[in-house]
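Next come the chains, spelled out residue by residue.
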Amino acid sequence: MSVFNPEQALWETRREFGEHGGVTPSIARSSTFTVMDPSTMPEIFRGIRGPDKGGCFLYSRHFNPTVDVLARYISAMEGTEFAVCTASGMSAISCALLQLCRSGDHIVSSDTIYGGTHALFRKLLPEMGITTTFVDPSDTESFEQAILPNSRVIYAETIGNPTLKVADIPRLSKIAKRNGLTLVIDNTFMPMVMTPAKHGADIVVSSMTKFINGASDALAGVICARRDFIYELMDLHTGRVMLLGPTMDPRIAYDIIQRLPHLALRMREHCKRALVIAERLQEIGAPVFYPGLPSHPQHNLIQSMVNPEYGYGGILTLDCGTIEKAEAFMSILQNQERYGFIAVSLGFYDTLMSCSGSSTSSEIPPEDQSKMGLSPGLVRMAIGYTGSLSARLGQIERAVRKVGLVS
Ligand code: PLP
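Residues numbered from 1 in each chain as written. Predicted model: local features only at pLDDT ≥ 70, side-chain atom pairs only at ≥ 80, totals over all residues. Heavy atoms only, no water.

S.K.: Looking at this model, I keep getting lost on the sheet that holds strand 8 (residues 288-289). Mind explaining?
M.R.: The strands making up a sheet associate through hydrogen bonds between their backbones, and the pairing can be parallel or antiparallel. Taken in spatial order, the five strands make up an open sheet running 8-9-12-11-10, and their pairing is mixed. Each edge of the open sheet is held by one strand with a lone partner, namely strand 8 and strand 10 (341-342). The pairing of strand 9 (residues 315-319) with strand 12 (residues 378-382) spans five bridges and is antiparallel. Bridge pairing links Leu318 to Val379 in strand 12. Sheet contacts for helix 10 (residues 263-283): strand 8 and strand 9; angle to strand 9, the most-contacted strand, approximately 20 degrees. Here helix 12 (residues 323-336) sits on the sheet and contacts strand 9, strand 10, strand 11 (352-355) and strand 12; the angle it forms with strand 11, its principal contact strand, is near 160 degrees. (Pairing = 2+ DSSP bridges. Helix = DSSP H or I, 4+ residues; strand = E, 2+ residues; numbered from the N terminus. Contact = heavy atoms within 4.5 Å. Axes fitted to C-alpha atoms, helices over the stretch in contact; angles between N-to-C directions.)

Written out as structure tokens, the structure reads:
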């Protein structure tokens with residue numbers, strides 16, 4: 001049963017007004033909400049009344065009007081019935097999984113995932129009796145082979161962080177359905193560029209800290225799914241978002257709403273520049289990896305899944321071989337060429353670069369890093385869109401040559 005609703009995906013047609021007809025939403029900063037008739041309160045607690053049933057809000061850890069506006073926009077963008085926003089990407093991922101899995105359950109996950117998610121699966125969830133088998137996302141059959149009688153979830157990222165391996169979402173969806181599992185996809189790297197629900201994902205999680213917010217000034221996350229799953233997450237007695245409480249502040253929600261109208265423009269420019277830079281690096285013989293290059297082993301697969309008019313994402317990697325060379329390259333680019341920042345995260349207007357093995361993937365043990373194809377000298381570059389593209393090409397090419405990656 002698909003959660004994707006193609007009419008929803010036309011999110012630009014959504015209309016959300018502020019109080020008094022404002023073209024921007026109002027910021028509802030109240031932590032609590034009054035009722036005119038005291039009998040309404042027990043009805044809200046019994047689930048008979050609520051934000052979607054007569055417009056009665058209760059308390060902002062439950063639902064908040066401004067945060068709900070953002071949730072409606074993002075669920076429309078992802079083509080799902082509904083969404084709930086959270087305080088970070090990690091809280092979206094952990095709450096979704098804790099809602100789906102109980103002690104004794106099992107997850108089959110791609111081994112190429114963000115280091116924090118890897119640590120959640122490898123260290124924290126086992127303490128709660130939930131175990132994970134990691135498999136290579138470019139070998140789709142391996143997911144099915146790893147399924148156990150107690151498996152509940154298949155988990156992958158659209159484009160794996162940081163090795164940029166592509167998950168075959170339509171085939172993973174078929175495997176999940178055949179075996180009665182839920183397919184959870186992290187779409188942090190590809191908002192608008194890819195719509196995992198369209199290809200059969202049941203639940204789409206994202207860190208909105210990255211491209212969706214786009215300014216590197218806030219943390220935020222979202223879980224997009226069927227309405228009943230979102231209401232499970234918000235259940236007063238058992239809801240993981242409701243009870244663990246990773247609540248988004250309405251002021252953050254407002255800021256992100258204001259940046260959504262230019263997300264499409266930003267994503268197109270991130271994608272365009274990443275492709276041009278990857279092509280140039282490949283042309284001069286630098287060890288570049290990017291799903292938009294025909295040399296990427298899963299180029300045809302990604303081409304079959306991306307939405308028209310965007311591209312292949314804003315992230316490329318450069319394998320410098322050793323950590324020393326990687327650090328020298330990043331230092332030359334940031335400190336001599338004055339292009340980009342040596343910083344974790346992605347989706348900023350300037351380029352952000354980090355050596356993944358010793359930073360955002362350092363939670364993954366070295367032997368697992370090498371199994372997933374992560375070299376210690378791999379630099380992940382989240383390509384920004386400031387400055388002239390030809391100047392940026394010159395800066396990167398000079399840094400690559402200076403550090404001896406090409407002669
Ligand atoms: N998912 C991916 C793919 C990420 O890269 C990150 C962070 O880098 C996260 C989730 C976690 O997001 P947050 O930092 O907003 O908790």
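Next comes the rest of the description.
S.K.: Honestly, the packing of aromatic side chains in this entry has me stumped. Any pointers?
M.R.: Counted by the stated rule, this structure contains six aromatic pairs. Ring centres of Phe33 and Phe57 lie 5.6 Å apart, and the angle between their planes is 40 degrees; this geometry places the pair in the tilted category. One end of the pair, Phe33, is in the segment before helix 1 (40-45); the other, Phe57, is in the loop between helix 1 and helix 2 (65-78), with 24 residues separating them in the sequence. Neither Phe33 nor Phe57 differs from the other in exposure class; each is buried. Of the aromatic side chains, those joined through ring pairs into one cluster are Phe63, Phe82 and Tyr231. In this structure, Arg227 is placed above the aromatic ring of Phe82, and the distance from its NZ or CZ to the ring centre is 4.3 Å. Its guanidinium or amino end placed over the ring of Tyr310, Arg268 lies 4.9 Å from that ring's centre, counting from NZ or CZ. (Phe/Tyr/Trp six-rings, centres within 6.5 Å; stacked < 30°, edge-to-face > 60°. Buried < 20%, exposed > 50% of the residue type's maximum accessible area, 1.4 Å probe, protein only. Lys NZ or Arg CZ within 6 Å of the ring centre and 35° of its normal.)

S.K.: Honestly, the pairing of strand 7 (residues 221-225) in this entry has me stumped. Any pointers?
M.R.: Remember that side chains alternate between the two faces of the sheet whenever the strand is regular. Most of strand 7 sits inside the fold, with five of its five residues counted as buried. Here strand 7 shows no split at all, with Gly221, Ile223 and Ala225 on one side and Val222 and Cys224 on the other all buried. Pairing analysis gives five bridges linking strand 1 (residues 82-86) to strand 7, with the strands arranged antiparallel. Bridge pairing in strand 7 places Phe82 opposite Ala225. Pairing geometry for strand 6 (residues 203-207) and strand 7, over four bridges, is antiparallel. Note that in strand 7 the partner of Val205 across the bridge is Ile223.

S.K.: Can you walk me through the packing of helix 10 against helix 14 (residues 389-402) in this structure?
M.R.: The description of two packed helices rests on the angle between their axes and on the distance between the axes. At a minimum axis separation of 10 Å, helix 10 and helix 14 run at an interaxial angle of 40 degrees. By the criterion of interaxial angle, the relationship of helix 10 to helix 14 is oblique. Crossing of helix 10 against helix 14: the hand is right-handed. Residues Lys272, Arg273, Val276, Ile277, Arg280 and Leu281 of helix 10 lie in contact with helix 14, whose contacting residues are Leu389, Arg392, Leu393, Ile396, Glu397 and Val400. Taken together, the residues of the contact of helix 10 with helix 14 sort by class into seven nonpolar, no polar and five charged. (Parallel < 35°, antiparallel > 145°, perpendicular 65-115°, else oblique. Left-handed = near helix turned anticlockwise from the far one by under 90°. Nonpolar A, V, L, I, M, F, W, Y, C, P; charged D, E, K, R; others polar.)

Geometry only, nothing functional implied.
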